[in-house]
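One letter stands for each residue in the lines below.
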Amino acid sequence: MNNVALTYLVLVATAYALLFRRSPEKTRKSLQVAKGSLLKLAPMLAAIFGLIGLFQVFIPAELIERWLGASSSWTALLTGGLLGAVAIGPPVAAFPLAGSMLDAGAWPPAAAAFVVSWISVGVITLPFEAEVFGLRFALSRNAIAFVSALLIGLLIGWWL
């Protein structure tokens with residue numbers, strides 16, 4: 001278990017211990033809600049971990065480094081953004097996948113563009129968005145979100 005997870009676990013356990021003294025009934029109810037949330041999320045988490053495993057085993061690190069590595073700079077940034085734009089799934093899945101990309105040699109701005117694009121650009125959902133909000137709005141929002149994802153990727157790379 002890493003330090004961040006351990007810190008969160010200790011903080012949550014401490015909060016439950018303190019709140020149990022104040023209101024045992026509400027604390028029990030909170031634990032029931034947490035249990036329900038965990039059971040509801042378990043299949044999604046299993047799928048995310050499975051996807052990460054497939055990614056790490058079937059996509060060679062050399063390929064990640066060639067397409068998303070620092071030596072490809074602008075191409076890597078654009079590729080990371082495009083991969084995120086066409087990806088579909090829960091946003092929480094983008095983070096561990098980006099971590100796997102970084103471990104395989106991806107350039108941090110490309111991984112950041114991937115995450116931001118995954119969360120904010122919806123190529124797959126564009127037809128639905130266009131139907132609800134209009135084509136001009138949907139295209140404009142997605143274009144602005146994509147350019148923003150690339151800029152945020154560069155900003156993160158500069159920051160690091």
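Residues numbered from 1 in each chain as written. Predicted model: local features only at pLDDT ≥ 70, side-chain atom pairs only at ≥ 80, totals over all residues. Heavy atoms only, no water.

Draft legend 1. Layout of unusual backbone geometry. Of note in this structure, Ser73 is not a glycine but carries a positive phi near 25°. Mapped onto the secondary structure, Ser73 falls in helix 4 (residues 73-86). (Helix = DSSP H or I, 4+ residues; strand = E, 2+ residues; numbered from the N terminus.)

Draft legend 2. Inspection of the nonpolar core at higher detail. Formed by 18 residues in total, the largest nonpolar core has its most connected members in Ile64, Leu68, Leu97, Met101, Phe114 and Trp118. Of all the elements in the fold, those that place two or more residues in this core are helix 2 (24-58), helix 3 (61-68), helix 5 (94-103) and helix 6 (108-120). The dominant element in this core, judged by the number of residues it contributes, is helix 6, at five residues. Listed in part, the seven residues of the second largest apolar core include Leu77, Ala85, Ala113 and Val121. (Core = buried A, V, L, I, M, F, W, Y, C linked by side-chain atoms within 4.5 Å. Buried < 20%, exposed > 50% of the residue type's maximum accessible area, 1.4 Å probe, protein only.)

Draft legend 3. Layout of a nonpolar patch on the surface. On the surface, Leu38, Leu41, Met44, Leu45, Phe49, Val92, Phe95 and Ile119 cluster together to form a nonpolar patch covering roughly 740 Å² of accessible area. Turning to its location among the elements, Leu45 is positioned in helix 2. (Patch = residues over 30% accessible without salt bridge, like charges linked within 9 Å, V, L, I, M, F, W, Y side chains within 5 Å. Areas by Shrake-Rupley, 256 points an atom, 1.4 Å probe, with all protein chains shown as cover. Salt bridge = Lys/Arg side-chain N within 4 Å of Asp/Glu carboxyl O.)

Draft legend 4. Representation of the side chain of Thr79 in the model. Counting through the fold element by element, Thr79 comes out in helix 4. According to the relative accessible area criterion, Thr79 is buried, its value standing at 17%. When neighbours within four sequence positions are excluded, Thr79 is seen to be in contact with Trp67 and Leu68. (Contact = heavy atoms within 4.5 Å.)

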